[in-house]
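What follows is the residue order along each chain.
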Amino acid sequence: MKLAIMGAGAVGSSVAELAAEYDHEVVALADSNSAAVDAAGLTVESALERKQADGIVGDDDPQDALDSEYDVLVEATPTTLDDAQPGFGHVRTALERDRHVVLANKGPVAERYADVRALESESGGSVLFEATVGGAMPVLSTIDGFGADNITAARGVLNGTANFILSRMAAEGLDYEHVLAEAQDLGVAEADPTFDVEGIDAALKCVILANVLAQGEREFTLDDADIEGISDLPGSALDLAHEDGQTIRLIGEVTDDGVRVGPRLVAEHSAVAPTGTRNIVQFETKHAGRLNVSGRGAGGPETATAVLADVDRLPPL
Ligand code: HSE
């Protein structure tokens, strides 16, 4: 497939770097103010070197990337709330041109799920978005394989940055600001890390899960989520929890009662207390008990593998 990649941050760059290994070709790569477009296939390395050296990926304009001849638009610009722009506009443009869309950007499917589905229904292209929930973990494909009708609830750790901060604070007694800077250095934190520590990123993922599980019967947005972050959590709360064999994790829940995210006491060493940037989603199923999906929920190459797995799932145009 020919890929046009909008967004040249950690995820967009990794998709560009790994595309050839998955037998796909990058014909355009854009960041917010520049683009490199080549119908014959880009030399990805040169575009990324240019970004490092000069702050631009090439001499073209982002609009040239949107206008280029691609099969799949990979939308990896930063997640934005409310109207989800500019990501939503990129999705619209691609679908109106009957091209496929693969999203790493959560905004369009968290804030405008019904609009995206309506555009898709009028298009010859499809929209896939595995990378928006849990990085490398096959969360949405597990729902697809298991059947949304057979899943009654989902719960888990869906933000690597917050989990890294909580597990480092508990293990090392480090303070919050110090650990956040470490998470940013790892490249897992959002462009705006308040999304991570205030629970917004985890809530967006839960909203996407809720939309997928609802199968169009109801639309969820961030406004439907009850959200509490970890930025006010004192280190002493972790110490107290530890005395009882417990710890604290930022847990997201999708149940019949709606979407909730907040710090919760969980048993130390339990499945829902992963360490570092690891994530876990637990599905409650109708007839088969609990199903766990865990792994790396953040990071450039990790999230890029989910994007490229989606590209491999798309039918030929
Ligand atoms: N910043 C997110 C996290 C990764 O820390 O989990 C992408 O959603």
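Residues numbered from 1 in each chain as written. Predicted model: local features only at pLDDT ≥ 70, side-chain atom pairs only at ≥ 80, totals over all residues. Heavy atoms only, no water.

*Asks:* Sorry, what's going on with the environment of Glu-69 here?
*Replies:* Positionally, Glu-69 belongs in the loop between α3 (62–67) and β4 (72–75). In the structure, Glu-69 is positioned 221 residues away from Arg-290 in sequence and 44 Å away in space, judged by C-alpha atoms. Residue contacts for Glu-69: discarding those within four places in its chain leaves Lys-2, Val-27, Arg-97 and Arg-99. Of the polar contacts made by the side chain of Glu-69, one reaches the side chain of Arg-97; its length is 3.3 Å. A distance of 3.5 Å separates a polar atom in the side chain of Glu-69 from a polar atom in the side chain of Arg-99. (Helix = DSSP H or I, 4+ residues; strand = E, 2+ residues; numbered from the N terminus. Contact = heavy atoms within 4.5 Å. Polar contact = N/O pair within 3.5 Å; in protein donor to acceptor, adjacent residues only side chain to side chain.)

*Asks:* Would you mind showing me how to read the nonpolar core here?
*Replies:* Counting 73 residues, the largest nonpolar core has Phe-129, Ile-143, Ile-165, Leu-209 and Phe-283 as the members making the most contacts within it. It is helix α11 (residues 200–214) that contributes the most residues to this core, twelve residues altogether. When residues of this core are assigned to domains, at least three fall in each of domain 1 (2–135 + 300–313) and domain 2 (140–296). Setting aside residues up to four positions removed in sequence, Phe-129 forms contacts with Leu-103, Val-109, Tyr-113, Arg-117, Leu-140, Ile-208, Val-212 and Asp-310. Counting residues in hydrophobic clusters, the runner-up holds 28 residues, among them Ala-8, Leu-48, Leu-308 and Val-311. (Core = buried A, V, L, I, M, F, W, Y, C linked by side-chain atoms within 4.5 Å. Buried < 20%, exposed > 50% of the residue type's maximum accessible area, 1.4 Å probe, protein only. Domains from an automatic or database assignment.)

*Asks:* Whenever I open this one, the layout of surface pockets confuses me. Can you help?
*Replies:* Rolling a probe over the atoms, with the probe sized like a water molecule, indicates the empty space that remains. Of the pockets and cavities examined, the largest pocket occupies roughly 810 Å³. Lining of the largest pocket is provided by 42 residues; of these, Val-11, Ala-76, Thr-77, Pro-78 and Glu-190 occupy positions nearest its centre. Mapped onto the lining of the largest pocket, the elements with two or more residues apiece are α1 (10–18), α8 (160–172), α10 (194–197), α11 and α13 (300–313). Element by element, the count of residues in the lining of the largest pocket is highest for α1, at three residues. When its volume is computed, the second largest pocket comes out at roughly 380 Å³. (1 Å grid on protein atoms, 1.4 Å probe; cavity = no way out; pocket = protein on both sides within 12 Å on 5 of 7 lines; lining within 4 Å. Points joined across faces, edges and corners; volume = space filled by probe spheres on them.)

*Asks:* Please clarify how the site of the ligand should be interpreted in this entry.
*Replies:* Around the ligand sit Lys-106, Asn-159, Gly-160, Thr-161, Val-188, Ala-189, Glu-190, Asp-196, Asp-201, Lys-205 and Ala-298, and that is every residue in its neighbourhood. With respect to the ligand, the backbone of Gly-160 contributes an N or O atom lying 2.7 Å from an oxygen atom. With respect to the ligand, the side chain of Asp-196 contributes an N or O atom lying 2.8 Å from a nitrogen atom. Relative to its unbound accessible area of 260 Å², the ligand is 90% covered by the protein chains. Its residues assigned to classes, the shell around the ligand comprises three nonpolar, three polar and five charged. (Near = heavy atom within 4 Å. Areas by Shrake-Rupley, 256 points an atom, 1.4 Å probe, with all protein chains shown as cover. Nonpolar A, V, L, I, M, F, W, Y, C, P; charged D, E, K, R; others polar.)

*Asks:* How should the domain arrangement of the protein chain be read in this particular structure?
*Replies:* Interface size, as often reported, equals the accessible area lost upon joining of the parts. Domain parsing of the protein chain yields domain 1 (2–135 + 300–313) and domain 2 (140–296). Averaged C-alpha coordinates put domain 1 and domain 2 at centres separated by 26 Å. Taken residue by residue, the interface counts 18 residues in domain 1 and 21 residues in domain 2. With both chains or domains summed, domain 1 and domain 2 bury close to 1700 Å², and 65% of this area falls on carbon and sulfur atoms. The three residues of domain 1 that bury the most area against domain 2 are Lys-106, Tyr-113 and Val-133, which together make up 30% of that side's buried surface. (Buried area = accessible area lost by both parts, 1.4 Å probe.)

*Asks:* Quick question: what am I supposed to make of the pairing of strand β7 (residues 151–157) here?
*Replies:* The side chains of a regular strand alternate between both faces of the sheet. Among the seven residues of β7, five are classified as buried, and the element is accordingly described as predominantly covered. Relative to strand β11 (residues 278–285), β7 is paired through six bridges, and the arrangement is antiparallel. Pairing of Ile-151 across the sheet is with Thr-285, part of β11. Pairing analysis gives three bridges linking β7 to strand β9 (residues 246–255), with the strands arranged antiparallel. Bridging from a neighbouring strand, Gly-156 pairs with Gly-252 of β9. (Pairing = 2+ DSSP bridges.)

*Asks:* Teacher, can you tell me more about the sheet that holds strand β3 (residues 35–37) here?
*Replies:* Strand-to-strand pairing in sheets goes through backbone hydrogen bonds, with the strands running parallel or antiparallel. The strand order β3-β2-β1-β4-β5-β6 describes an open sheet built from six strands, whose pairing is mixed. One side of each edge strand has no neighbouring strand; the edge strands of this open sheet are β3 and β6 (127–128). Sheet topology places strand β1 (residues 2–6) next to β4; four bridges connect them, and they run parallel. Across the sheet, Met-6 pairs through a bridge with Glu-75, a residue of β4. Running over the sheet, α13 touches β1, β4, β5 (100–103) and β6 and is turned about 155 degrees from β5. (Axes fitted to C-alpha atoms, helices over the stretch in contact; angles between N-to-C directions.)

*Asks:* Would you mind showing me how to read unusual backbone geometry here?
*Replies:* Glycine aside, the phi torsion of most residues is negative, and most peptide linkages are trans. For the bond from Gln-85 to Pro-86, the omega torsion is 5 degrees, close enough to zero to count as cis. The phi angle at Ala-84 is positive, at roughly 55 degrees, despite the residue not being glycine. Turning to its location among the elements, Ala-84 is positioned in the loop between β4 and α4 (87–96). One non-glycine residue, Gln-215, adopts positive backbone phi at about 50 degrees.

*Asks:* Help me understand the pattern of salt bridges in this model?
*Replies:* Where side chains of opposite charge bring their charged atoms close, a pairing between them can arise. What the rule picks out here adds up to 19 salt bridges. Between Asp-201 and Lys-205 there is a salt bridge, with its nearest N and O atoms 2.6 Å apart. Residue Asp-201 and its partner Lys-205 are both found in helix α11; the two are separated by four residues, about one turn of the helix. Residues Asp-201 and Lys-205 agree in their burial class; the two are buried. A cluster of three or more residues bridged by salt bridges with shared partners is formed by Arg-50, Asp-54 and Asp-59. (Salt bridge = Lys/Arg side-chain N within 4 Å of Asp/Glu carboxyl O.)

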